[in-house]
Amino acid sequence: MAVNEKDIFVSVPSYSTKNFDIRFIKPDDCEALLKVYSDKMAQPIFNSDNCHGDDFCYETIDRMNSAMKFWFESYEKRYFVRYAIVDRQTNTAIGTVELFTRFADDHFNNCIIMRADLLSRYERKEYIRELALIFIEHAKEYYEGQIIATKAISSARERIGALLSLGFRKSDYSLIEFDGTEYKEYYEYYL
């Protein structure tokens, strides 16, 4: 739920960094994003916690189209925003970042959740730092919450290194799904 004077569900901002353009997803991103979501080396790092069984491992263009349709519908319903991460040199989507404010009965209530899915060759500390930093800088403009939380599994050393270098710390808490399922390995950044 957006609470500031700027409403993310009316107009999604675009950002540019040294290596990336960051903008709302477009239907034309489907083929490029299929390469991301079918990347066997990237799939274990995707965060599908509390996603009703979707593991984000897509092998066909139809499945990718279906996921994107759900992302567009979720935006229309004001659930979350899914950004495309576009490599500025190739002008191709190489991943996505999802942002939303989570409301629940756990430590991560009223917390900004950031899910980042990248093609495996972009899973490098300098790229993750660059992307996370832009969302840290702009999150409070559009989202409620004092914490940004993101998941990084223990084998995602580049991601963890990037998060720690930005001031994230490993959370002592689990994200708890409505059915009681606990998800661990979250990192928090206090805004």
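Residues numbered from 1 in each chain as written. Predicted model: local features only at pLDDT ≥ 70, side-chain atom pairs only at ≥ 80, totals over all residues. Heavy atoms only, no water.

Before going further, it helps to examine the environment of Phe24. Mapped onto the secondary structure, Phe24 falls in strand S2 (residues 20–24). Placed 57 residues apart in sequence, Phe24 and Val81 show a C-alpha to C-alpha distance of 7.5 Å. Leave out the neighbours within four places in its chain, and Phe24 touches Val12, Phe72, Tyr75, Val81, Arg82, Tyr83 and Ala84. (Helix = DSSP H or I, 4+ residues; strand = E, 2+ residues; numbered from the N terminus. Contact = heavy atoms within 4.5 Å.)

When two helices pack together, their arrangement is given by the angle between their axes and by how far apart the axes lie. Packing of helix H1 (residues 30–37) against helix H2 (residues 61–76) brings their axes to within 9 Å, and their N-to-C directions diverge by 105 degrees. Classified by the angle between their axes, H1 and H2 sit roughly perpendicular to one another. Residue-level inspection shows Cys30, Glu31, Leu33, Leu34 and Tyr37 of H1 in contact with H2, the latter providing Ile61, Met64, Asn65, Met68 and Trp71. A breakdown of the residues in the contact of H1 with H2 according to their chemical character gives eight nonpolar, one polar and one charged. (Axes fitted to C-alpha atoms, helices over the stretch in contact; angles between N-to-C directions. Parallel < 35°, antiparallel > 145°, perpendicular 65-115°, else oblique. Nonpolar A, V, L, I, M, F, W, Y, C, P; charged D, E, K, R; others polar.)

Ile22, Tyr37, Met64, Trp71, Tyr83 and Phe168 are the most contacted members of the largest nonpolar core, which totals 67 residues. Sort the elements by how many residues they give to this core and helix H3 (residues 125–142) lands first, with nine residues. (Core = buried A, V, L, I, M, F, W, Y, C linked by side-chain atoms within 4.5 Å. Buried < 20%, exposed > 50% of the residue type's maximum accessible area, 1.4 Å probe, protein only.)

Before going further, it helps to spend a moment on unusual backbone geometry. Not every positive phi belongs to a glycine, and Arg78 is a case in point at roughly 70 degrees. With respect to the helices and strands, Arg78 occurs in the loop between H2 and strand S3 (81–87). In this structure Arg78 comes out as partly exposed when scored by relative accessible area, which is 38%. Positive phi values are uncommon outside glycine, yet Asn91 reaches one of about 55 degrees.

If you trace the backbone, Asp87 turns up in strand S3. With no salt bridge to any partner, buried Asp87 finds its closest opposite charge in Arg121, at an N-O distance of 6.6 Å. Of note is the side chain of Asp87, whose polar atom sits 2.5 Å from the side chain of Tyr122. Those residues in contact with Asp87, other than ones at most four positions away along the chain, are Asn19, Phe20, Thr92, Ile94 and Tyr122. (Lys, Arg positive; Asp, Glu negative; His and termini not counted. Salt bridge = Lys/Arg side-chain N within 4 Å of Asp/Glu carboxyl O. Polar contact = N/O pair within 3.5 Å; in protein donor to acceptor, adjacent residues only side chain to side chain.)

In this section: the packing of H3 against helix H4 (residues 157–166). At a closest axis distance of 8 Å, the pairing of H3 and H4 adopts a crossing angle of 45 degrees. In this view, H3 runs oblique relative to H4, as classed from their interaxial angle. Pair H3 / H4 crosses with right-handed handedness. Note on element contacts: H4 touches H3 through Glu158, Arg159, Gly161, Ala162, Ser165 and Leu166, opposite Lys125, Ile128, Arg129, Ala132, Leu133 and Ile136. In the contact of H3 with H4, the residues fall into six nonpolar, two polar and four charged. (Left-handed = near helix turned anticlockwise from the far one by under 90°.)

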